[in-house]
Amino acid sequence: MTLTRLPCRATLVQWNAVDRVGRLRTEHGEDVKCGATSFVSSRPILNTDYVLVEVKSFPVIGLRAVTVRDVESPAAPTKGRRATPATADDEDDDKPLRMPMKTLDAAIGWMNKTPKARMKVKVAPRGASARNLAAFENRIGFRFGKAEHKFFATHGYLRTRGLTVFGFAKRAPDLDLPTQHAVLENYIAGTLRTARRPNVLTVANAQLLRTLVPLMTIGNPIPFGIAVLVSAKGKYYRVDVRDFGSDNELVPETATFESIILDQLAIIVEQA
């Protein structure tokens, strides 16, 4: 998908203050995802008009706003204001960081060796044991796909700012997949229990969520962040867990496990 024309007017029609992400709708009726760092001259305010200057396309999440300005905000120094001549160092600082997207190993290595990325990626000292993985699969009656087995065996788990991919770490509940699976189940059960009259879609979403296994959380921990879950058929779902009872049907994404992680790491680097 490409936008009709840039720059263009866009209205902030959706905003999550906790996760600091939202959605812009352009004057041409096109939707673009955005984050707090997209707004270069102001703070995001719901139902406010802005000028969408630049976007970037990601394979999984689609278009994401890179530069959003106030309607009255100039894109260049105003008349009478002297612009400081750019130096070679300034030009180097302005160059966008390009994280390698070919493999997860390459991306992790680049982030840990690049100071300008401003973050480190932590993985487990060793991969998950086949015994622990098989025990969890047998207990919940679920079989992960080849991509998940490869990740668990190679990386164990993954953590960086704004992203946690679960593994098997009994001493770290926020990283431990069995613990997070239980947290999700308890939240679903508690929500249904306190709902006076859950509608048909809420019940259907709850039933679907109970067949899925959480692989990662974006932003905050479950249930406050955006969870990525997998089905027994290898389909991936991106779910705002707190909002599963809304009038939104849960729909799988067309993506691979590794591409979802890579896309999210790229967004984190962009926001750094």
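Residues numbered from 1 in each chain as written. Predicted model: local features only at pLDDT ≥ 70, side-chain atom pairs only at ≥ 80, totals over all residues. Heavy atoms only, no water.

(A) Quick peek at the overall build of the protein chain. Helix and strand counts for the protein chain stand at 7 helices and 11 strands. Across the 272 residues in the protein chain, those meeting the buried criterion constitute 40%. For the protein chain, long-range pairs separated by at least 24 residues make up 56% of all intrachain contacts whose partners lie at least 6 apart in sequence. For the protein chain, the exposed area adds up to about 15700 Å²; of that, 51% sits on carbon and sulfur atoms. (Helix = DSSP H or I, 4+ residues; strand = E, 2+ residues; numbered from the N terminus. Buried < 20%, exposed > 50% of the residue type's maximum accessible area, 1.4 Å probe, protein only. Contact = heavy atoms within 4.5 Å. Areas by Shrake-Rupley, 256 points an atom, 1.4 Å probe, with all protein chains shown as cover.)

(B) Local environment of the sheet that holds strand β7 (residues 158-160). An order of β6-β7-β8-β9-β10-β11 is seen for the 6 strands of this open sheet, with the pairing classed as antiparallel. With one partner strand each, in any of the chains shown, β6 (122-123) and β11 (236-240) form the two edges of the open sheet. Here strand β8 (residues 163-165) runs beside strand β9 (residues 213-218); their pairing, made up of 3 bridges, is antiparallel. Across the sheet, L163 pairs through a bridge with I218, a residue of β9. Its contacts with the sheet place helix α5 (residues 177-194) against β9 and β10 (226-230), and it is angled at close to 90 degrees to β9. (Pairing = 2+ DSSP bridges. Axes fitted to C-alpha atoms, helices over the stretch in contact; angles between N-to-C directions.)

(C) Fine view of the packing of helix α3 (residues 130-140) against α5. One can describe the packing of α3 onto α5 by two numbers: an axis separation of 11 Å at closest approach and a directional angle of 20 degrees. One way to sum up the angle between α3 and α5 is to call them roughly parallel. Taking contact as the criterion, the partners of F136, R139 and I140 in α3 are, on α5, L177, P178 and H181. Residues of the contact of α3 with α5, tallied by class, amount to 4 nonpolar, 1 polar and 1 charged. (Parallel < 35°, antiparallel > 145°, perpendicular 65-115°, else oblique. Nonpolar A, V, L, I, M, F, W, Y, C, P; charged D, E, K, R; others polar.)

(D) Seen up close, the packing of aromatic side chains. Using the criterion set out here, one finds 11 aromatic pairs in the structure. Ring geometry for F136 and F144: centres 6.3 Å apart, planes at 15 degrees, overall stacked. Considering the side-chain rings of F151 and F152, the 6.0 Å spacing of their centres and the 70 degrees angle between planes classify their relative orientation as edge-to-face. Like F152, F151 is buried. Grouping aromatic residues by their ring pairs yields a cluster made of F136, F142, F144, F151, F152, F168, Y236 and F257. (Phe/Tyr/Trp six-rings, centres within 6.5 Å; stacked < 30°, edge-to-face > 60°.)

(E) Here's a closer look at the pattern of salt bridges. Per the counting criterion, the structure on display carries 6 salt bridges. In this structure, R238 and E253 form a salt bridge, with 2.7 Å as the shortest nitrogen-oxygen distance. You can see R238 sitting in strand β11 and its partner E253 sitting in the loop between β11 and α7 (257-271), a full 15 residues away along the chain. Take R238: its relative accessible area is 25%, and that puts it in the partly exposed class. A salt bridge links D240 to R242; its shortest N-O distance comes to 3.8 Å. Overall, D240 belongs to the partly exposed group, its relative accessible area being 22%. Judged by its relative accessible area of 31%, R242 falls in the partly exposed class. One connected set of salt bridges, linked through shared partners, spans R23, R25 and D31. (Salt bridge = Lys/Arg side-chain N within 4 Å of Asp/Glu carboxyl O.)

Just geometry here; none of it tells us what the structure is for.
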